[in-house]
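Descriptive analysis of the structure
Chain by chain, the residues:
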Amino acid sequence: AKISPSPRSSDDEFLRRAYLDIAGVVPSADKAREFLDDRSPDKRVKLIDELLNDPGYGRRMADIWTAKLFPIDSANRFVLKDPLYKWFEGQFN
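Scope of this entry: the structure provided in the associated data block.

Criteria and thresholds
- Residues numbered from 1 in each chain as written.
- Predicted model: local features only at pLDDT ≥ 70, side-chain atom pairs only at ≥ 80, totals over all residues.
- Heavy atoms only, no water.
- Helix = DSSP H or I, 4+ residues; strand = E, 2+ residues; numbered from the N terminus.
- Rg over C-alpha atoms; globule rule 2.2 N^0.38 Å.
- Contact = heavy atoms within 4.5 Å.
- Areas by Shrake-Rupley, 256 points an atom, 1.4 Å probe, with all protein chains shown as cover.
- Lys, Arg positive; Asp, Glu negative; His and termini not counted.
- Charge placed at Lys NZ, Arg CZ, Asp CG, Glu CD.
- Core = buried A, V, L, I, M, F, W, Y, C linked by side-chain atoms within 4.5 Å.
- Buried < 20%, exposed > 50% of the residue type's maximum accessible area, 1.4 Å probe, protein only.
- Salt bridge = Lys/Arg side-chain N within 4 Å of Asp/Glu carboxyl O.
- 1 Å grid on protein atoms, 1.4 Å probe; cavity = no way out; pocket = protein on both sides within 12 Å on 5 of 7 lines; lining within 4 Å.
- Points joined across faces, edges and corners; volume = space filled by probe spheres on them.
- Nonpolar A, V, L, I, M, F, W, Y, C, P; charged D, E, K, R; others polar.

Okay, the overall build of the chain next. Scanning the chain from terminus to terminus reveals five helices and zero strands. Moving toward the C terminus, one meets the helices and strands of the chain in the order α-α-α-α-α. Whereas a compact globule of 93 residues would reach a radius of gyration of roughly 12 Å, the chain reaches 17 Å, over 25% beyond that. Taking contacts inside the chain between residues at least 6 apart in sequence as the whole, the part at least 24 apart equals 59%. Looking at the chain as shown, the accessible area adds up to about 7,000 Å², and 56% of this sits on carbon and sulfur atoms. When the 16 basic and 16 acidic side-chain charges of the chain are each reduced to a single mean position, those positions are 5 Å apart.

Shown next, in the form of structure tokens:
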């Protein structure tokens, strides 16, 4: 389609997006300061690896997939979702 890629995001924008997309939370002030002060060229790769290895990743993905498979409606209000949620969490982690 010959579409040009978007320009590289700033470190602070990348940090916020990575945390929200992978862990579902914003970074703590200490984590943000640590990342923004880091001058290593591979700090983004290290951040992604750290977030994927955190238990918050499994919880985030379990939240997303459980909600997709069990939309809120009256037809499934008595279905026990917790076993599937726990399974998703474990599998993603």
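Right, let's talk about the nonpolar core for a bit. Counting residues in hydrophobic clusters, the biggest one holds twelve residues: Phe14, Leu15, Ala18, Tyr19, Ile22, Ala23, Ala32, Phe35, Leu47, Leu51, Tyr57 and Met61. Elements with a minimum of two residues in this core: helix H1 (11-23), helix H2 (29-37), helix H3 (43-52) and helix H4 (55-69). The contacts of phenylalanine 35, once residues within four sequence positions are left out, are Asp11, Phe14, Leu15, Lys43, Arg44 and Leu47.

Turning next to the environment of leucine 36. If you trace the backbone, leucine 36 turns up in helix H2. Here leucine 36 falls in the partly exposed class, since its relative accessible area comes to 31%. Sequence-wise, leucine 36 and isoleucine 22 are 14 residues apart; in three dimensions their C-alpha atoms are separated by 18 Å. Those residues in contact with leucine 36 that lie beyond four places of it in its chain are Asp11, Asp12 and Lys43.

Attention now goes to the pattern of salt bridges. Counted according to the given criterion, the structure contains seven salt bridges. Note that glutamate 13 and arginine 17 form a salt bridge whose closest N and O atoms lie 2.8 Å from each other. With glutamate 13 and arginine 17 both in helix H1 and four residues apart, this pair spans about one turn of that helix. Taking the relative accessible area as the measure of exposure, glutamate 13 reaches 34% and is therefore partly exposed. If you follow the salt bridges from partner to partner, you end up with Asp11, Lys43 and Arg44 in one network.

The next subject is the layout of surface pockets. Considered as a void within the structure, the largest pocket measures approximately 170 Å³ in volume. The wall of the largest pocket is formed by Tyr19, Ala23, Gly24, Val25, Lys31, Glu50, Leu51, Asp54, Gly56, Arg59, Arg60 and Asp63. Listing elements by their share of the lining of the largest pocket, those giving two or more residues are H1, H3 and H4. When residues of the lining of the largest pocket are assigned to their parent elements, the largest contribution, four residues, is made by H4. Residues that form the lining of the largest pocket fall into these classes: four nonpolar, two polar and six charged.

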